Amino acid sequence: MLKVNDLKVNYGGIEAVKGISFEVPEKSIVTLIGANGAGKSTTLRSIVSLVKPASGSIEFMGQSITGLDTNEIVEKGITLVPEGRRIFPDLTVLENLKIGAYRRKDDITEDLNWVYDLFPRLKERSWQAGGTLSGGEQQMLAIGRALMSKPKLIMMDEPSLGLAPIIVQGVFDIIREINKQGMTILLVEQNAHMALHAADTAYVMETGSITMTGTGKELAENEDVKAAYLGKAK
């Protein structure tokens, strides 16, 4: 579904992403893991054209999306759940969700009900201001808002960041559930344990390069990965 080929991204004089290539098959969960500053978030932001690549190509559904504007990429079916959630705190839950569907011309009722089925807490709080929700509920809202654009591929940047362990488990349960319902997911996540156990395919990024790839299970059992990212000595 998504093919990234020899992608390079510069920040000033610094090469943040150094010619990486990877694929995201349809209906799969693919994760990028790595330390802070590895280039994971920059990779996601370049796919949706929030950061312009220096070189390389990005294909989606067999068509080049390199150089397109962000709104054109969203229309083609890619959406990003940003790090830090970035909901609109003064708008209600329902208004936040409707903003996710702002480019749609069709009836959104069915998808709104689907989001409410996935996140009953959002339905209960639909008239509450987004800023009054807990961190976990705001993450649910950020995911729900992204789903309202009716994407083919949803990218999530650090969805577990700052959340209590029990809430993190709930977020990953939802990630698995929307994938089971046919959604393709590209996940950037510092919680390597949760990410690898959810992912079909995983890539390890270090200082702008992909250094390792395999199934989630393979990398979860890899001794180097355990030592570096899972807090387990070799």
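Look a little higher up for the structure.
Quantities reported herein were computed from a predicted structural model and do not represent experimental measurements.

**Student:** What is the right way to look at the sheet that holds strand β9 (residues 201-206) in this model?
**Tutor:** The strands that make up a sheet pair up through hydrogen bonds in the backbone, lying either parallel or antiparallel. Ordered by their spatial adjacency, six strands build an open sheet running β6-β7-β8-β3-β9-β10, and the pairing between neighbours is mixed. Whereas interior strands pair on both sides, the edge strands pair on one side only; in this sheet they are β6 (78-81) and β10 (209-215). The sheet shows a mean angle of 15° between the axes of neighbouring strands, taken without regard to direction. With respect to the sheet, helix α7 (residues 165-180) is in contact with β3 (29-33), β7 (153-157) and β8 (184-188), its orientation differing from that of β8 by roughly 150°.

**Student:** Explain the environment of serine 46 here, please?
**Tutor:** Among the structural elements, serine 46 can be located in helix α1 (residues 40-47). We classify serine 46 as buried; its relative accessible area is 3%. Remark: the alpha-carbon pair of serine 46 and valine 17, spanning 29 residues in sequence, is separated by 9.9 Å. In contact with serine 46, other than residues within four places in its own chain, are Leu7, Val9, Val51, Pro53 and Ile58. Side-chain polar atoms of serine 46 contact the backbone oxygen of threonine 43, separated by 2.7 Å.

**Student:** I tried to follow the sheet that holds strand β5 (residues 63-64) on my own but got confused; where do I start?
**Tutor:** Pairing is antiparallel in the open sheet, where four strands are placed in the order β2-β1-β4-β5. Of all the strands in the sheet, just β2 (14-24) and β5 have a single pairing partner and so form its edges. Pairing between strand β4 (residues 55-60) and β5: two bridges, direction antiparallel. The residue bridging phenylalanine 60 from the neighbouring strand is glutamine 63, located in β5. In this fold α1 packs onto β1 (2-11), β2 and β4, with an angle of close to 110° to the strand it touches most, β1.

**Student:** Even after reading the chapter, I still don't get the packing of helix α3 (residues 93-100) against helix α6 (residues 135-147), so can you show me in this structure?
**Tutor:** Helix-helix packing is described using two parameters, namely the angle between the two axes and the distance between the axes. The contact between α3 and α6 brings their axes to 7 Å, and the two run at 35°. At the point where α3 passes α6, the crossing takes the right-handed sense. Residue-level contacts link Val93, Asn96, Leu97 and Gly100 of α3 to Leu141, Gly144 and Arg145 of α6.

**Student:** Looking at this structure, I do not really get the pattern of salt bridges. What am I missing?
**Tutor:** A side chain of one charge can pair with a side chain of the opposite charge if their charged atoms are brought near each other. With the rule as written, the count across this model stands at eight salt bridges. Arginine 125 is the salt-bridge partner of glutamate 137, the closest N and O atoms lying 3.2 Å from each other. Of the two residues, glutamate 137 is situated in helix α6 and arginine 125 in the loop between α5 (120-124) and α6; the sequence distance between them amounts to twelve residues. Since its relative accessible area comes to 21%, arginine 125 is described here as partly exposed. Ionic contacts of the salt-bridge type, sharing partners, join the residues Arg121, Glu124, Arg125 and Glu137 into one network.

Definitions and limits used
- Residues numbered from 1 in each chain as written.
- Predicted model: local features only at pLDDT ≥ 70, side-chain atom pairs only at ≥ 80, totals over all residues.
- Heavy atoms only, no water.
- Pairing = 2+ DSSP bridges.
- Helix = DSSP H or I, 4+ residues; strand = E, 2+ residues; numbered from the N terminus.
- Axes fitted to C-alpha atoms, helices over the stretch in contact; angles between N-to-C directions.
- Contact = heavy atoms within 4.5 Å.
- Buried < 20%, exposed > 50% of the residue type's maximum accessible area, 1.4 Å probe, protein only.
- Polar contact = N/O pair within 3.5 Å; in protein donor to acceptor, adjacent residues only side chain to side chain.
- Left-handed = near helix turned anticlockwise from the far one by under 90°.
- Salt bridge = Lys/Arg side-chain N within 4 Å of Asp/Glu carboxyl O.

Everything listed is a geometric property; what it means functionally is a separate question.
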